Amino acid sequence: MANKIFVYIDHFEGRVVPASLEALGVGREMAKTIGGGVSAVVLGQNIDDIVQQAGEYGTDEVHKGDDTALKDYRGEAYASVLSAVAADADVLLFPTTGRTRELAGLVAVDLETGIIPDVIDYEFDGSSVLATRPVYAGKLLTKVVCAESRPQILTLRSRAFFKPEADSGHSAEIVDIGVDIGDMATEVIGYGESQAGVSLTDAAIIVSGGRGVSNNASLESPADISDEAEQEIWRAQQGFKLIQELADVLSAAVGASRAAVDANYIAYDNQVGQTGKVVSPDLYIAAGISGAIQHLAGMRTSKTIVAINKDADAPIFKLARFGIVGDLFDVLPPLTQALRERMGL
Ligand SMILES: Cc1cc2nc3c(=O)[nH]c(=O)nc-3n(C[C@H](O)[C@H](O)[C@H](O)COP(=O)(O)OP(=O)(O)OC[C@H]3O[C@@H](n4cnc5c(N)ncnc54)[C@H](O)[C@@H]3O)c2cc1C
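As the structure is a prediction and not an experimental result, all values here were calculated from the model.

Definitions and cut-offs
- Residues numbered from 1 in each chain as written.
- Predicted model: local features only at pLDDT ≥ 70, side-chain atom pairs only at ≥ 80, totals over all residues.
- Heavy atoms only, no water.
- Axes fitted to C-alpha atoms, helices over the stretch in contact; angles between N-to-C directions.
- Helix = DSSP H or I, 4+ residues; strand = E, 2+ residues; numbered from the N terminus.
- Parallel < 35°, antiparallel > 145°, perpendicular 65-115°, else oblique.
- Left-handed = near helix turned anticlockwise from the far one by under 90°.
- Contact = heavy atoms within 4.5 Å.
- Nonpolar A, V, L, I, M, F, W, Y, C, P; charged D, E, K, R; others polar.
- Domains from an automatic or database assignment.
- Salt bridge = Lys/Arg side-chain N within 4 Å of Asp/Glu carboxyl O.
- Expected span 1.5 Å × (residues − 1).
- Buried < 20%, exposed > 50% of the residue type's maximum accessible area, 1.4 Å probe, protein only.
- Polar contact = N/O pair within 3.5 Å; in protein donor to acceptor, adjacent residues only side chain to side chain.
- Pairing = 2+ DSSP bridges.
- Near = heavy atom within 4 Å.
- Areas by Shrake-Rupley, 256 points an atom, 1.4 Å probe, with all protein chains shown as cover.
- Arc of directions from axis to C-beta.

### So, the packing of helix α3 (residues 75-85) against helix α4 (residues 98-110)
Part 1 of the argument: Here α3 crosses α4 at 50 degrees, and the two axes come no closer than 9 Å. Between α3 and α4, the angle falls in the class oblique. By crossing handedness, the relation of α3 to α4 is classed as right-handed. Within the contact between the two elements, α3 uses G75, E76, Y78, A79, S80, L82 and S83 and α4 uses E102, L103, L106, V107 and D110.
Part 2 of the argument: Per-class residue counts for the contact of α3 with α4 are six nonpolar, three polar and three charged.

### Structural notes on the domain arrangement of the protein chain
How big an interface is tends to be stated in terms of the accessible area lost upon association of its parts.
Part 1 of the argument: Splitting the protein chain by domain gives domain 1 (5-176) and domain 2 (200-342).
Part 2 of the argument: A separation of 33 Å is found between the C-alpha centroids of domain 1 and domain 2.
Part 3 of the argument: Facing the seven residues of domain 1 at the interface are 14 residues of domain 2.
Part 4 of the argument: Where domain 1 touches domain 2, the interface holds one salt bridge.

### Structural notes on helix α5 (residues 228-250)
Part 1 of the argument: Between its first and last C-alpha, α5 extends 33 Å over 23 residues, near the 33 Å set by a 1.5 Å rise per residue.
Part 2 of the argument: Residues of α5 that are buried include every one of Q231, W234, A236, Q238, G239, F240, L242, I243, L246, A247, V249 and L250, and no others.
Part 3 of the argument: Contacts made by the buried residues of α5 are with β13 (205-209), β14 (253-256), α6 (258-262), β15 (283-287) and α9 (328-342).
Part 4 of the argument: In this structure D227 caps α5, since a side-chain oxygen of it lies 3.2 Å from the backbone nitrogen of A229.
Part 5 of the argument: Directly beyond the C-terminal end of α5, a positive phi value near 50 degrees is found at S251.

### Thoughts on the sheet that holds strand β16 (residues 304-309)
Part 1 of the argument: Taken in spatial order, the five strands make up an open sheet running β14-β13-β15-β16-β17, and their pairing is parallel. Two strands lie at the open edges of the sheet, namely β14 and β17 (322-325), each paired on one side alone. Here the strands of the sheet are splayed against their neighbours by 15 degrees on average, with no regard to which way each runs.
Part 2 of the argument: In this structure, β16 lies alongside β17, joined through four bridges in parallel fashion. Looking at the pairing, A307 lines up with G323 of β17.
Part 3 of the argument: The strands that α5 touches are β13, β14 and β15; relative to β13, the one it contacts most, it runs at about 175 degrees.
Part 4 of the argument: Contacting β15, β16 and β17, α9 crosses the sheet at an angle of about 130 degrees to β16.

### Points about the site of the ligand
Part 1 of the argument: Close to the ligand lie 25 residues, the nearest being R211, S257, T275, S290 and N309.
Part 2 of the argument: Within the side chain of Q294, an N or O atom sits 2.7 Å from an oxygen atom of the ligand.
Part 3 of the argument: One of the backbone N or O atoms of K310 is found 3.1 Å from a nitrogen atom in the ligand.
Part 4 of the argument: Summarising the interface, the protein chains cover 77% of the accessible area of the ligand, which totals 990 Å² for the free molecule.
Part 5 of the argument: Elements that contribute at least two residues to the shell around the ligand include exactly α6 and α7 (293-299).

### Regarding α4
Part 1 of the argument: Its 13 residues give α4 an end-to-end C-alpha distance of 19 Å, which sits within 8% of 18 Å, the value for a rise of 1.5 Å per residue.
Part 2 of the argument: Along α4, the residues that are buried comprise T100, L103, A104, V107 and A108. The buried side chains of α4 occupy one side of the element, clustering within an arc of 135 degrees when seen end-on. Of the exposed residues in α4, the ones pointing more than 90 degrees away from its buried face are G98, R101 and V109.
Part 3 of the argument: The secondary structure elements touched by the buried residues of α4 are β1 (4-8), α3, β6 (91-95), β7 (115-119) and β11 (152-156).

### Points about the sheet that holds β11
Part 1 of the argument: The strand order across the open sheet formed by seven strands is β7-β11-β6-β1-β4-β5-β12, and the pairing between neighbours is parallel. Where the open sheet ends on each side, the last strands, each with one partner, are β7 and β12 (173-176). Taken pair by pair, the neighbouring strands of this sheet meet at an average axis angle of 25 degrees, ignoring direction.
Part 2 of the argument: In this sheet, strand β4 (residues 37-44) lies alongside β1 in parallel orientation, the contact comprising five bridges. Directly across from V7, in β4, lies its bridge partner A40.
Part 3 of the argument: Of the strands in this sheet, β4, β5 (61-66) and β12 are in contact with helix α2 (residues 48-55), which crosses β5 at around 165 degrees.
Part 4 of the argument: The sheet strands contacting α3 are β1, β4, β5 and β6, and the helix crosses β4 at an angle near 160 degrees.

### A few points about unusual backbone geometry
Part 1 of the argument: For the bond running from R150 to P151, omega is 0 degrees, close enough to zero to count as cis.
Part 2 of the argument: Tracing the chain through its elements places P151 in the loop between β10 (140-144) and β11.
Part 3 of the argument: The phi dihedral of E112 falls on the positive side, at around 50 degrees, and the residue is not glycine.
Part 4 of the argument: Note on E112: relative accessible area 71%, which makes it exposed.

This is the structure in structure tokens:
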């Protein structure tokens, strides 16, 4: 092969993280532009299904590292195997996930090369990738190249690129990686259930609530809640129930602003923004969220933004494609009902 484009396939509990397939699509498009082949890398234990899936997206080869030492993701083990496999790659692509943020960095250190994180677009200057990534909380886009060093490592923002169609008739060559990992310093004891339900970063639709979800003076909290802070949380729970109902109708994930999380209305797992999750859904509905720059940093690349806010001057309306000026407690129930009827639910 001329240029070697490697794509790391992130997966968890037997399922490929969808952004990995988007990365395979990018790999294939890159190969069309600069020539060369696309190789997927799958690490883990009992990963035949994932290897097969990775081979169905136009890859030439799938490098398979199947070993008990790779059963659970651990940065040290995965980085040592991946660094050896992808050492002579020209481009190494990762989907952006919690695991790959660490892994891509470790591999870049091992291979003494640069890394361009959170890429949302790219072009080529010869065989060098000219990658576009948001900076300053998404206010500016910057173009970055990986000077002379190779591989050029990019992590791709989830949902910034299209997922290609699978072709079950396509067959890729499977290359077994010899895995030889000594004693590891860490051991994975188990996994905890996330409270967020649907994964925010993979969701096509997100309905988010902010501090405004607790702002309904006409809601009388139950008599046994006398503490003011607890009354506020109770009101917020009623607001988030409306958010959840709309989310259920749309099969959407529930997001939140940091103000809502800090006030204990909802878990941190749901936070969108600079210090929360960065999301790019097709539709983002923000209810009772003012649109502070740190919140926008996490959702400004959403394809369509709908804002519901009492204040017609709220900054979120500057970014929103559709705005509803009104009280979310008045707006959400009929909106949910209308959608339910429209969708025949
Ligand atoms: C370093 C740093 C990092 C941060 N990271 C994040 C982050 O990751 N994510 C994040 O979200 N924030 C983050 N913040 C906080 C951010 O600056 C804002 O404080 C926060 O986003 C505000 O949340 P909010 O819009 O829910 O609340 P507010 O700003 O209080 O806005 C509430 C909005 O609800 C409207 N409203 C009130 N009642 C109703 C009603 N009944 N119906 C309809 N509308 C109503 C109001 O008009 C108002 O616009 C960060 C701040 C800092 C300094």
